[in-house]
Amino acid sequence: MSRAARLMLGALRVLGLPVLLVAGWWAWSVWRPSFYVPSPQRIAAVFGDVWLTARLGDDVLPSLVRLLAGYVLAALLGVALGTAIGLSGRLRAATEPALEFFRAIPPPVLVPLIMLVAGLDTAMKVLVIASGAIWPVLLNTIEGVRAVDEVLSDTARVYGLRGPARLRRLVLPAASPQIMAGLRQALSIAIILMVIAEMFASTSGIGHTVVLFQRQFQIPEMWSGIVLLGLVGFLLSLAFRALERRVLHWHWHQRETHA
Amino acid sequence: MLEITGLRKVYEGRGRVVEALRGIDLTVERGELVCVVGPSGCGKTTLLKCVAGLLAPTAGQVRLAGRVVDGPPPGMAVVFQEYGRSLFPWLTVSQNVELPLREKRVPGPRRTALVQQALAAVGLADAGSAHPWQLSGGMQQRVAIARAVAYEPQVLLMDEPFAAVDAQTRADLEDLLLGLWHRLGITTMLVTHDIDEAVYLARRVVVLSAAPTVVQEDLHVDLPHDRDQIITRSDPRFAELRAHVYGHIRAAKTDPGRPPAGTMKA
Ligand SMILES: Nc1ncnc2c1ncn2[C@@H]1O[C@H](COP(=O)(O)OP(=O)(O)OP(=O)(O)O)[C@@H](O)[C@H]1O
Ligand SMILES: [Mg+2]
């Protein structure tokens, strides 16, 4: 097979399904035109006007900042607390039932509660995002830290790895596959909570704008917001994959060779 | 240097109580090379871990240079039986060998030299940039040995360190260990299944009984000081010592604690 043909085939494999889906959507909108389901061209036409003008700074940016702040807060707290709990058997026994309970609460129900406590400002949204996204990070970190191989741990002890060195050179790398799995789950939870928090109580943000358009029956504009959220999620997931590739390359190769 | 007195170790798991060591008394002088042999499951690894300060004894104690061992003492290197699990998979081979030296605060240039020497000595000079999981089992075991060698320990504990390598590499590694021991006078305790290896390497062979485990025999190896794979192994005295140890192990399996019948006096 020639290089060009192989490239074509690769592009087809990646883009094939999305193109097919958009084409199907377009065909549907031509066959059954509907006020509530505008055609892809209509949405594409309003997309630039809606999101790439003043709203870029007024709504998109604040949303992304909240998302990032909440996510980073959840990640830092989750890894720090998870490491502490995972390393101490006593702490683990004391906290495990409570953690399982809190994790079982669907995070969106915390929104009204946190609104009462923290008000309606940015801090409230960051808190909502962090309070939901922390659980997968925390629980996965505990699991990962607890499961450090015993022989490896003995080796580290014999060769004098103690305190911070032990943490940095043994515990965190050994737990990193689990920690990354937790961070990945947390990312999608954080996006969902960002939108919900903005829909509930906000005067800015992507979620707020989508609800606004819906109330004003600006249907193509509303749809363009949904597409934007999809794109944000997709790009963040790509960025996350790149990070994973750097941090976990040894883990994947190791699994390949031992499979 | 190393005094083990009345060492007893009982594992207590859910409903299962295993007495791995009944009572071990053993002294290893500074600079001595002792091999420990015994039937499978008799507690050789347990003994080594107690000496390393990784396991707390149920009774008795281990003293190193006069001090009671209650955690891994500094200046001690251990080669574990599960060599594959003792290498850090996220580090390269060189980094694995280098890590203990970093913790020991050995200056950079010296570190690099030690790592290279040690890897060359085990025949892995070219594998430094590989990751452990890219190597065969025998190569991984040699990395673990190189790491212990580079550490320049005063006390070296090895648990079946040559089990996963072919006969030729095994002979080479045995001679590497002997060379190192001659040069640096490291106090060495080596656990092995292989009676020939024990007699070839050691100045003393300690035979453990089957459970309940005690020291069954403590044998002085009166072979010439300089060992050679061919000359030493074809020495008639080598065959006698080997038969003597073999008899003890067989007796240990059937009737622990009793001296073997029908073996010649060593
Ligand atoms: N962590 C543990 N918990 C409970 N029992 C254990 C544990 N480790 C070892 N044992 C038991 O202690 C006994 C001695 O085990 P050990 O590993 O020290 O033997 P060994 O002489 O090194 O065996 P091998 O020659 O097969 O390596 C065995 O009966 C084993 O089942
Ligand atoms: Mg063993």
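If you look chain B up in an unreviewed UniProt entry, it shows as NitT/TauT family transport system ATP-binding protein from Actinacidiphila glaucinigra.

Under an unreviewed UniProt entry, the name given to chain A is ABC-type nitrate/sulfonate/bicarbonate transport system, permease component, and the organism recorded is Actinacidiphila glaucinigra. Of the comments in the UniProt record for chain A, the one headed Sequence similarities (unreviewed entry) reads "Belongs to the binding-protein-dependent transport system permease family." Under the UniProt heading Subcellular location (unreviewed entry), the note attached to chain A is "Cell membrane".

Peer 1: Could you give me a rundown of the overall build of chain B, with the residues and numbers involved?
Peer 2: Along chain B, the regular secondary structure elements total 8 helices and 10 strands. Over its C-alpha atoms, taken along the principal directions, chain B stretches across nearly 55 × 50 × 35 Å. Across the 266 residues in chain B, those meeting the buried criterion constitute 55%. When contacts within chain B are restricted to residue pairs at least 6 apart in sequence, long-range pairs at least 24 apart make up 67% of them. Of the roughly 11600 Å² that chain B leaves accessible, carbon and sulfur atoms contribute 50%. Taking the average place of the 30 positive charges on the side chains of chain B and the average place of its 29 negative ones, the gap between the two points comes to 6 Å.

Peer 1: Quick rundown of the site of ligand 1? Include the residues and the values.
Peer 2: All names here are of chain B. Surrounding ligand 1, one finds 13 residues, the nearest of these being Ser40, Lys44, Thr45, Thr46 and Gln81. In the environment of ligand 1, an oxygen atom lies 2.9 Å from a nitrogen or oxygen atom belonging to the backbone of Gly41. Out of a free accessible area of 630 Å², ligand 1 has 63% covered by protein chains. Listed by contribution, the elements that provide at least two residues to the shell around ligand 1 are strand 2 (17–28) and helix 1 (44–51). Here the shell around ligand 1 takes 3 residues from helix 1, the largest share from any one element. The class makeup of the residues in the shell around ligand 1 is 4 nonpolar, 7 polar and 2 charged.

Peer 1: Quick rundown of the pairing of strand 6 (residues 76–79) of chain B? Include the residues and the values.
Peer 2: All names here are of chain B. Here strand 6 shows two buried faces, one formed by Met76 and Val78 and the other by Ala77 and Val79. Here strand 6 runs beside strand 7 (residues 155–159); their pairing, made up of 4 bridges, is parallel. Bridge assignment links Ala77 to a residue of strand 7, and that residue is Leu156.

Peer 1: Would you mind going over helix 4 (residues 89–104) of chain A in detail, with residue names and values included?
Peer 2: Here helix 4 of chain A spans 22 Å end to end across 16 residues, near enough to the 22 Å set by a 1.5 Å rise per residue. Along helix 4 of chain A, the helix axis deviates most sharply at A:Thr95, where the bend reaches about 45°; the proline A:Pro97 sits within four residues downstream.

Peer 1: I'd like a description of the domain arrangement of chain A, backed by residues and values.
Peer 2: Each assigned domain of chain A is listed with its residue range as follows: domain 1 (1–32) and domain 2 (43–258). Each of domain 1 of chain A and domain 2 of chain A has a C-alpha centre, and these two points are 32 Å apart.

Peer 1: Run through the coordination of the magnesium ion (ligand 2), naming residues and quoting values.
Peer 2: Bound to the magnesium ion (ligand 2) on the protein side are B:Thr45 (OG1) and B:Gln81 (OE1), at distances that span 1.9 to 2.3 Å. On the criterion of sequence distance, the pair formed by B:Thr45 in helix 1 and B:Gln81 in the loop between strand 6 and helix 2 (93–103) is long-range, its members being 36 residues apart.

Peer 1: Describe the interface of chain A and chain B, listing the residues and the values that go with them.
Peer 2: Listed by partner, the interface residues are 23 residues for chain A and 25 residues for chain B. Interface of chain A and chain B: buried area, both sides summed, is about 2200 Å²; carbon and sulfur atoms make up 65% of it. Across the chain A-chain B interface, the total number found is 2 salt bridges. Across the pair B:Arg85 and A:Asp149 runs a salt bridge whose closest N-O atoms are separated by 2.8 Å. Applying the counting criterion to the chain A and chain B interface returns 5 residue pairs in polar contact (both at pLDDT 80 or more). Among the secondary structure elements, those contributing two or more residues to the side of chain A that touches chain B are helix 7 (150–158), helix 8 (163–200) and helix 10 (219–258) of chain A. No other element matches helix 7 of chain A, which puts 8 residues into the side of chain A that touches chain B. When the residues that make up the side of chain A that touches chain B are grouped by side-chain class, the tally is 11 nonpolar, 7 polar and 5 charged.

What counts as what
Residues numbered from 1 in each chain as written. Chains lettered and ligands numbered in written order. Predicted model: local features only at pLDDT ≥ 70, side-chain atom pairs only at ≥ 80, totals over all residues. Heavy atoms only, no water. UniProt positions renumbered as here; feature names shortened; annotations may be inferred. Helix = DSSP H or I, 4+ residues; strand = E, 2+ residues; numbered from the N terminus. Buried < 20%, exposed > 50% of the residue type's maximum accessible area, 1.4 Å probe, protein only. Contact = heavy atoms within 4.5 Å. Areas by Shrake-Rupley, 256 points an atom, 1.4 Å probe, with all protein chains shown as cover. Lys, Arg positive; Asp, Glu negative; His and termini not counted. Charge placed at Lys NZ, Arg CZ, Asp CG, Glu CD. Near = heavy atom within 4 Å. Polar contact = N/O pair within 3.5 Å; in protein donor to acceptor, adjacent residues only side chain to side chain. Nonpolar A, V, L, I, M, F, W, Y, C, P; charged D, E, K, R; others polar. Pairing = 2+ DSSP bridges. Expected span 1.5 Å × (residues − 1). Bend = angle between axes of the 7 residues up to and from the residue. Domains from an automatic or database assignment. Donors = N, O, S within 2.8 Å, 3.2 Å for Na, K, Ca; no water. Buried area = accessible area lost by both parts, 1.4 Å probe. Salt bridge = Lys/Arg side-chain N within 4 Å of Asp/Glu carboxyl O.

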